[in-house]
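Below, each chain spelled out in residue letters.
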Amino acid sequence: MCRKMAAALPVTLMVIMMFFSIALADADRVAIVNGKDIPKDEYEREISRIKNQISAQGGEIAESEMAELKKQVMENLISMELLYQTSLERGGTVDQALIDNEWAQVTSRYPDRNDLKKALDDLKITEEIIKAQIKKGLTVNTFIEKNFVEKTVIPESEAKAYYDNNAERFNKPESVRASHILIKVEPAEDETKKKAARAEIEKIQAKVKAGEDFAALAKETSQCPSSKEGGDLGVFTRGQMVKPFEEAAFALAQGAVSDIVETEFGYHLIKVTEKQAAGKYSFDEVKVNLTNYLKETKVKKDLSDFVKGLRDKAKIETF
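The structure reproduced in this document is the subject of the present report. (Residues numbered from 1 in each chain as written. Predicted model: local features only at pLDDT ≥ 70, side-chain atom pairs only at ≥ 80, totals over all residues. Heavy atoms only, no water.)

1. So, the pairing of strand S4 (residues 175–184)
- A large share of S4 lies buried, amounting to 8 of its 10 residues.
- Summarising the sheet, S4 and strand S5 (residues 232–237) pair through 4 bridges and their orientation is antiparallel. Following the sheet pairing, Val-176 is matched in S5 by Phe-236.
- Strand direction decides the pairing type here: S4 and strand S7 (residues 266–276), joined by 10 bridges, are antiparallel. What sits directly across from Ile-181, in S7, is Leu-269. (Buried < 20%, exposed > 50% of the residue type's maximum accessible area, 1.4 Å probe, protein only. Helix = DSSP H or I, 4+ residues; strand = E, 2+ residues; numbered from the N terminus. Pairing = 2+ DSSP bridges.)

2. What to know about the nonpolar core
- If you look at the biggest cluster of nonpolar residues, it comprises 26 residues, and the most contacted ones within it are Ile-38, Tyr-43, Leu-69, Val-73, Leu-83 and Ile-144.
- Counting residues per element, the ones that place at least two in this core are strand S1 (29–33), helix H2 (40–56), helix H3 (63–89), helix H6 (127–149) and helix H11 (283–313).
- Take this core: its biggest share by element is 9 residues, from H3.
- If sequence neighbours within four positions are ignored, Leu-69 has contacts with Ile-47, Ile-50, Lys-51 and Ile-61.
- Counting residues in each nonpolar core, the second largest holds 13 residues, with Val-185, Phe-214, Ile-260 and Leu-269 among its members. (Core = buried A, V, L, I, M, F, W, Y, C linked by side-chain atoms within 4.5 Å. Contact = heavy atoms within 4.5 Å.)

Take it as geometry only, folks, not as evidence of what the structure does.
Here it is as structure tokens:
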């Protein structure tokens with residue numbers, strides 16, 4: 001009995017070790033696509049990139065949204081790998097000069113080589129990995145460009161039909177183009193500072209009323225970055241400016257200057273330089289953008305269908 005158990009023990013240990021080694025191997029990859037690994041670190045870097053991008057825009061991913069994000073990242077990496085494999089199968093190549101140019105753009109952000117090395121170390125990535133990703137991205141982009149973008153043509157008649165059948169999408173809202181002069185003062189400032197700011201804007205207002213050039217005064221006195229442009233804020237529609245500013249601007253006639261307007265930023269003088277009533281964009285005004293939109297929509301649909309076909313025929317394992 002003891003001899004049988006002793007003889008069986010090495011086999012049991014061997015099975016356990018084999019299972020353990022397989023588990024370790026799977027821990028380094030998140031999927032296998034037609035025999036090609038998708039490394040776990042690539043998957044994690046992509047999740048980190050998206051999270052950092054959203055954070056940089058002032059957003060945040062809720063814990064309840066993480067599962068969907070991870071699923072989407074996995075799907076995108078698998079689709080990318082399928083497209084890359086297909087590109088290579090069809091003879092897709094990328095000039096080394098293009099790869100070198102992309103890499104040069106990356107390194108140009110780090111004039112000091114040590115800073116580049118630290119950035120790579122922080123991301124736990126190497127120069128070779130980045131160049132490989134650049135090559136893959138350029139190869140896939142070239143494949144998509146040749147096989148989908150270049151082959152997709154939207155006739156003008158199709159764009160016109162879309163325009164006619166979706167008239168409500170081409171409404172032109174009321175808009176104004178305005179310039180302003182700003183003297184800053186925080187809402188929480190004490191009355192002394194508010195009175196001083198008010199007195200300053202009143203002096204400027206007197207100069208405007210006396211006929212001095214508004215743009216010149218804006219360049220000289222306004223505390224808004226727009227002062228460099230003579231106070232010009234460009235064209236805007238309702239909902240783009242703080243309420244008191246918006247109400248004053250839209251109430252003015254073209255060429256008129258407002259009374260002093262107080263907002264959370266301080267005191268303003270506003271001059272309306274252009275005014276457009278609500279209406280509808282003509283087909284000629286939107287033709288180029290509309291055609292590009294329809295082409296982009298069709299390319300995305302065709303590409304999505306193509307990738308679905310690749311997935312149906314592929315051998316994919318996920319861990």
